[in-house]
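So the chains spell out like this:
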Amino acid sequence: MVEIIEITKDKINCIKNLWVKLNKLHYEDSIYFEDFYESFTFEKRMESILKIEDANLKISILKDGPRYLGYCISSKDDKNGEIDSIYLEEEFRGRGYGKELINQHKKWMKENGCLKIRVAVSFGHDSVIDFYHRLGFYERHVYYELKEE
């Protein structure tokens, strides 16, 4: 039976394999920063997540028995919230699970006083744009980063 459960950050390693798949997608989709994703590790990514106070962090896991199918991590700070990371196994996409994860996290952020809720999408990762539009997220800013040669 597929269910969504909440975990604490001390259990974050259970999503490592899923996060590695997400990072691989970012690597494959990247137009300018393949080298970044190639050397980016789960441990590096989780450093900033693990520094967030428990009350300002929400981690949800989509699972079927012992199998982890996806996750969503969100954080909040003052009046701002952010979907920090989300991933679903490919065979579970398009079934409403991603929408449910995002909606639960948006609700949590709103209940905790967030006035702005954001999600950052890596440039080139166009396959998720329609998904976010359907959930009410739209482009507001485009940031450019200097690529060191």
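For the structure itself, consult the block above.
Going along each chain's sequence as written, the residues are numbered from 1 onward. The predicted nature of this model means local features are confined to residues of pLDDT at least 70 and side-chain atom pairs, given and counted, to a pLDDT of 80 or more, with totals for whole chains, interfaces and linings taken over all residues. Based on all heavy atoms of the structure, the side-chain values leave hydrogens and waters out of the count.

(A) Representation of the packing of aromatic side chains within the structure. The rule is short: rings of Phe, Tyr and Trp, with Trp giving its six-membered ring, pair when the centres are within 6.5 Å, and they are stacked under 30 degrees, edge-to-face over 60, tilted in between. Within the structure shown, the criterion is met by eight aromatic pairs. Here Phe36 and Tyr37 contribute two aromatic rings whose centre-to-centre distance is 5.0 Å and whose plane-to-plane angle is 85°, an arrangement assigned as edge-to-face. Look at Phe36 and Phe40: their rings are 4.6 Å apart centre to centre, the planes differ by 35°, and that puts the pair in the tilted class. Taken together, Trp19, Phe36, Tyr37, Phe40 and Phe42 form an aromatic cluster joined through their ring pairs. Lying across the ring of Phe92, Arg95 places its NZ or CZ 4.7 Å from the centre. Whether a charge lies above a ring is judged from NZ of Lys or CZ of Arg, which has to be within 6 Å of the ring centre and within 35 degrees of the ring normal. The ring of Phe33 has Lys147 sitting right over it, with the charged end atom 5.9 Å from the ring centre.

(B) Region of interest: the layout of surface pockets. Any residue with an atom within 4 Å of a point lines the site, the site being either a cavity, points on a 1 Å grid over the protein atoms alone where a 1.4 Å probe fits but cannot get out, or a pocket, an open set with protein on both sides within 12 Å along at least 5 of 7 lines. Grid points are joined across faces, edges and corners, and a volume is the space filled by probe spheres set on the points. When its volume is computed, the second largest pocket comes out at roughly 160 Å³. For the purposes of this entry, the term helix denotes a DSSP run of H or I that reaches at least four residues, the term strand denotes a run of E that reaches at least two, and both are numbered from the N terminus. Listed by contribution, the elements that provide at least two residues to the lining of the second largest pocket are β3 (67-77) and β4 (80-88). Counted by class, the lining of the second largest pocket contains one nonpolar, four polar and five charged residues. When residue character is reported, Ala, Val, Leu, Ile, Met, Phe, Trp, Tyr, Cys and Pro are called nonpolar, Asp, Glu, Lys and Arg charged, and the others, Gly included, polar.

(C) Structural detail: the pattern of salt bridges. What counts as a salt bridge is simple: a side-chain nitrogen of Lys or Arg found within 4 Å of a carboxyl oxygen of Asp or Glu. Per the counting criterion, the structure on display carries eight salt bridges. Ionic pairing is found between Lys11 and Asp10, a salt bridge with its closest N-O pair at 3.6 Å. Burial classification: accessible surface area is computed with a 1.4 Å probe over protein chains only, and a residue below 20% of its type maximum counts as buried, one above 50% as exposed, and the rest as partly exposed. We classify Lys11 as partly exposed; its relative accessible area is 48%.

(D) Representation of the sheet that holds β4. Only when DSSP finds a minimum of two bridges between them are two strands counted as paired. Read across the open sheet, the five strands follow the order β1-β2-β3-β4-β5; overall the sheet is mixed. For this open sheet the edge positions go to β1 (2-7) and β5 (116-119), each flanked by a neighbour on one side alone. Recorded for the sheet is a direction-independent mean angle of 20° between the axes of neighbouring strands. As defined by bridge partners, strand β2 (residues 57-64) adjoins β3 across eight bridges and the pair is classed as antiparallel. Across the sheet, the residue bridging to Leu57 is Ser75, located in β3. Angular values range over 0 to 180 degrees, each being the angle between N-to-C directions of two axes fitted as lines to C-alpha atoms, with helices fitted over their stretch in contact.

(E) Region of interest: the pairing of β2. Counting buried positions along β2 yields seven of eight residues, so the element is predominantly enclosed. Relative to β2, β1 is paired through six bridges, and the arrangement is antiparallel. Residue pairing in the sheet places Ile4 in a bridge with Leu62 of β2. A loop of two residues connects β2 with β3, the two strands running antiparallel in sequence, and Gly65 in this loop sits at a positive phi of about 60°.

(F) Representation of the state of the cysteines within the structure. Two cysteine sulfurs form what is called a disulfide whenever their separation falls within 2.5 Å. Throughout the structure, instances matching the rule amount to zero disulfides. Lacking any disulfide linkage, Cys114 is separated from the closest cysteine sulfur, that of Cys72, by 13 Å. With relative accessibility at 7%, the residue Cys114 sits in the buried group.

(G) Spatial organisation of the environment of Asn103. Mapped onto the secondary structure, Asn103 falls in helix α4 (residues 97-111). What makes Asn103 partly exposed here is its relative accessible area of 28%. Taking the C-alpha atoms as reference points, Asn103 and Leu135, 32 residues apart in sequence, are found 8.0 Å from one another.

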